[in-house]
Amino acid sequence: MMNLFVLQLLNGLQLGVLLFLIAAGLTLVFGIMDVVNLAHGVLYMVGAYFIATFAALTGSFWLGLLLTLPAAVAVGLILEIVVIRRLYNRSHLDQVLATFGLVMIANETVKIVWGTSPLSVPLPELLSGAVPLMGPLQYPVYRLAIIATGLAVAGGLYVLINHTRIGMLLRAGATNRAMVSALGIDIGKLFAVVFTLGAVLACGAGAIVAPILSVDSGMGESVLILTFVVVVIGGIGSIRGAFLGAILVAVVDTMGGVFGPILLRSVLEPAAAGQIGRMLAPMLIYILMAALLCVKPQGLFGGRG
Amino acid sequence: MIAQRARLATRVKVALILFALFAVFPPLAFALNDPFLILIGTRILAYAIAAMALDLILGFGAMVSFGHAAYLGFGAYAVAILSSYGISDLVVQMVVAMLGAAIFALVTGAISLRTQGVYFIMITLAFGQMAFFFFTSLSAYGGDDGVGLPQRSTLFGRDILGGDTALYYTTLVLLMVLFALCHMIVRSRFGRVLTGIRENRLRMEAIGFAPFRYQLTAFVISGCLTSVAGVLLANQAQFVSPAFMSWHRSGELIVMVVLGGIGTLSGAIGGAVAALLLEELLGMLTEHWRLWFGVFLVLMVLFSPRGITGAIRQIIGRKT
């Protein structure tokens with residue numbers, strides 16, 4: 001039981017850092033540019049497809065990852081220049097529609113280019129295998145590496161936002177866009193940087209998770225909704241909130257699926273417990289979100305509406 | 001005020017013309033020897049009801065609900081679940097669907113409406129997804145795969161809706177009745193308060209209205225009406241699955257409303273017709289119709305922000 005608990009906790013943590021990588025970009029785009037971007041999940045999917053292609057071409061996961069990052073920058077920039085830039089001063093409704101259109105375009109394009117059958121990416125040899133945790137329990141090295149990467153990126157973002165000039169501009173931009181612009185900062189360029197940063201983070205998340213998932217055209221969607229919940233819970237525009245929200249959502253989601261039915265079994269008969277557990281488990285994070293919103297409508301660290 | 005009256009009258013006229021066209025459609029389909037068109041027509045009419053219900057809050061209340069497909073699901077599953085217990089009466093099914101939708105709308109609306117803007121969009125989307133997962137986990141009703149309906153709903157204990165034409169006209173009558181209802185709501189004091197909140201929330205609060213109560217009421221009404229569309233869709237397809245409530249469907253509903261021009265009711269009906277016809281048309285031309293639909297959406301937002309009505313007005317140069 002203890003083993004299962006530790007295992008699920010680690011799985012939750014792994015999903016959590018992944019969600020954080022995606023949510024970080026999303027929350028910055030929301031908070032600073034005030035743009036609803038439904039196409040953010042698409043970037044995660046595209047990252048996974050990129051690494052599947054590049055790793056197959058070069059025969060190496062690492063070279064593939066190296067090629068994926070500049071490709072992600074390119075995708076982010078193109079998307080920003082062609083579509084997103086024109087949406088800054090538009091209503092949320094317009095933003096929803098245009099980025100919904102982008103989701104349709106991306107999902108269909110992926111199907112045309114890569115086909116409908118899922119792709120797989122081989123694990124890099126360096127990180128294959130498992131490490132012993134406690135007793136007979138083992139945990140895959142690769143998942144631990146994902147957790148480490150995620151934490152490192154979170155640390156990097158913290159430094160970037162709190163201790164650099166560009167971070168200062170980002171924070172200032174989130175508080176008062178017009179003032180930053182009046183002080184002579186090219187707000188358009190700043191926005192492009194933020195969006196591209198978010199795109200690279202999401203693509204990167206898709207790339208590093210590709211070896212332990214099957215890469216298919218629907219993978220961006222489930223993640224998109226989860227990241228929305230993360231951003232709502234954490235508070236729009238807050239990286240700290242995104243981090244805590246991501247870990248919270250992921251742990252509740254993973255643990256709920258396993259331990260929900262077990263807990264219910266102590267109060268209900270097994271058959272009913274299983275049935276209700278299966279029904280409640282996928283709804284848990286939404287219930288969590290609803291409960292939190294009742295107490296704090298702006299999320300954990302949200303300042304604005 | 002006079003201009004506003006005139007605009008309202010135009011909208012009713014547009015709606016009446018649309019209804020007349022809908023009414024002559026089935027004989028036309030028979031003349032073309034393609035009765036299958038009637039089923040497609042029923043689907044369009046049902047979506048028109050849903051789009052109109054969404055327009056009630058989106059257009060008149062500025063509430064961008066991205067979880068409205070959930071209410072289609074409530075309607076559809078009310079049919080599936082009740083008929084599995086032998087209750088096949090359409091009226092009973094609709095009442096139950098509306099009750100379920102009302103409760104869900106009341107609870108989720110009360111939470112979502114504590115927020116505005118981006119938050120509201122994301123939270124309604126999340127609640128829609130919650131409903132989606134709930135119905136996916138109902139293994140007794142097919143779970144992910146959904147469940148077929150052995151027969152259509154009955155009316156007054158008789159199998160009146162068995163024929164496609166009868167179902168079509170029933171849907172049309174409901175669309176007309178609900179249009180009249182929505183039109184009355186929009187014109188009533190309640191509707192004017194709602195529009196007032198859309199235009200200037202602060203001012204409405206200052207003159208003594210509580211926006212939350214009005215918005216929540218509108219949200220619940222909209223959810224109920226959308227569930228009626230769900231009941232009809234289940235009958236049209238004789239099949240119910242969680243796919244009815246996927247977030248893509250919610251997005252498509254918004255597209256319909258915007259396509260026809262928001263805040264006009266008759267526009268939502270026209271938008272539903274246009275969106276679904278475009279889907280069918282693109283679907284005939286290419287297997288990858290979604291790609292082109294997406295391109296169309298992006299271009300529409302970038303170049304014609306006011307939907308088809310906006311584009312038409314631009315072309316004929318009429319000012320509004």
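Given the structure is predicted, the values throughout are model-derived calculations rather than measurements. (Residues numbered from 1 in each chain as written. Chains lettered and ligands numbered in written order. Predicted model: local features only at pLDDT ≥ 70, side-chain atom pairs only at ≥ 80, totals over all residues.)

A few points about the packing of helix α9 (residues 219-234) of chain A against helix α10 (residues 239-265) of chain A
Residue and element names in this part refer to chain A.
Okay, step 1: For the pair α9 and α10, the least separation of the axes is 8 Å and the interaxial angle reads 125°. Put simply, α9 runs oblique to α10. Two packed elements cross with a definite hand, and for α9 against α10 that hand is right-handed. Each of Leu226, Val229, Val230, Val231, Ile233 and Gly234 in α9 lies in contact with α10, whose residues at this interface are Gly241, Ala242, Leu244, Gly245, Ala246, Leu248 and Val249.
Okay, step 2: Considered class by class, the residues forming the contact of α9 with α10 number 10 nonpolar, 3 polar and no charged. (Axes fitted to C-alpha atoms, helices over the stretch in contact; angles between N-to-C directions. Helix = DSSP H or I, 4+ residues; strand = E, 2+ residues; numbered from the N terminus. Parallel < 35°, antiparallel > 145°, perpendicular 65-115°, else oblique. Left-handed = near helix turned anticlockwise from the far one by under 90°. Contact = placed C-beta atoms within 7 Å. Nonpolar A, V, L, I, M, F, W, Y, C, P; charged D, E, K, R; others polar.)

Describing the interface of chain B and chain A
Okay, step 1: Contacts between the two partners involve 36 residues from chain B, matched on the other side by 36 residues from chain A.
Okay, step 2: Residue composition of the side of chain B that touches chain A, grouped by class: 26 nonpolar, 8 polar and 2 charged.

Topic: unusual backbone geometry
Okay, step 1: Backbone geometry at aspartate 34 of chain A places phi at a positive 60°, although glycine is not the residue there.
Okay, step 2: Positionally, aspartate 34 of chain A belongs in the loop between α1 (2-33) and α2 (40-58).
Okay, step 3: The exposure class of aspartate 34 of chain A is partly exposed, given the 19 C-beta atoms found within 10 Å.
Okay, step 4: The backbone of leucine 265 of chain B sits at a positive phi, close to 65°, despite the residue not being glycine.
Okay, step 5: Looking at the element boundaries, leucine 265 of chain B is found in the loop between α10 (247-259) and α11 (266-285).
Okay, step 6: You can call leucine 265 of chain B buried: it has 29 C-beta atoms within 10 Å. (Buried ≥ 20, exposed ≤ 12 C-beta atoms within 10 Å, placed from the backbone.)

What about the confidence of the model for chain B?
Residue and element names in this part refer to chain B.
Okay, step 1: In the predicted model, chain B carries a mean pLDDT of 88, and the fraction of residues at 70 or more is 93%.
Okay, step 2: Mean pLDDT across the elements of chain B ranges from a minimum in helix α13 (residues 307-316), with 58, to a maximum in helix α9 (residues 211-237), with 95.
Okay, step 3: For this predicted complex, the interface score ipTM comes out at 0.88, while the overall pTM is 0.89. (pLDDT = per-residue confidence, 0-100.)

Details of the environment of threonine 175 of chain A
Residue and element names in this part refer to chain A.
Okay, step 1: By the element assignment, threonine 175 lies in helix α6 (residues 165-175).
Okay, step 2: Given 14 C-beta atoms within 10 Å, threonine 175 falls into the partly exposed group.
Okay, step 3: Taking the C-alpha atoms as reference, threonine 175 lies 41 Å from valine 258; in sequence the two are 83 residues apart.

Focus: helix α12 (residues 289-303) of chain B
Okay, step 1: Here α12 of chain B is 15 residues long and its end C-alpha atoms lie 21 Å apart, about the 21 Å a rise of 1.5 Å per residue gives.
Okay, step 2: Buried within α12 of chain B we find Arg290, Phe293, Gly294, Leu297, Val298, Met300 and Val301 of chain B. Projected down its long axis, α12 of chain B shows its buried positions confined to an angular sector of 160°, all on one face. Among the exposed residues of α12 of chain B, those oriented more than 90 degrees off its buried face are Leu299 and Phe303 of chain B.
Okay, step 3: Tucked inside the fold, the buried residues of α12 of chain B contact α4 (92-114) of chain A together with α10 and α11 of chain B. (Expected span 1.5 Å × (residues − 1). Arc of directions from axis to C-beta.)

Focus on the nonpolar core
Okay, step 1: Counting 204 residues, the largest nonpolar core has Val229 of chain A together with Ile49, Ala51 and Ala126 of chain B as the members making the most contacts within it.
Okay, step 2: Discounting chain neighbours no more than four positions away, the residues touching valine 229 of chain A are Val249, Ile285, Tyr286 and Met289 of chain A together with Ala126 of chain B. (Core = buried A, V, L, I, M, F, W, Y, C linked by C-beta atoms within 7 Å.)

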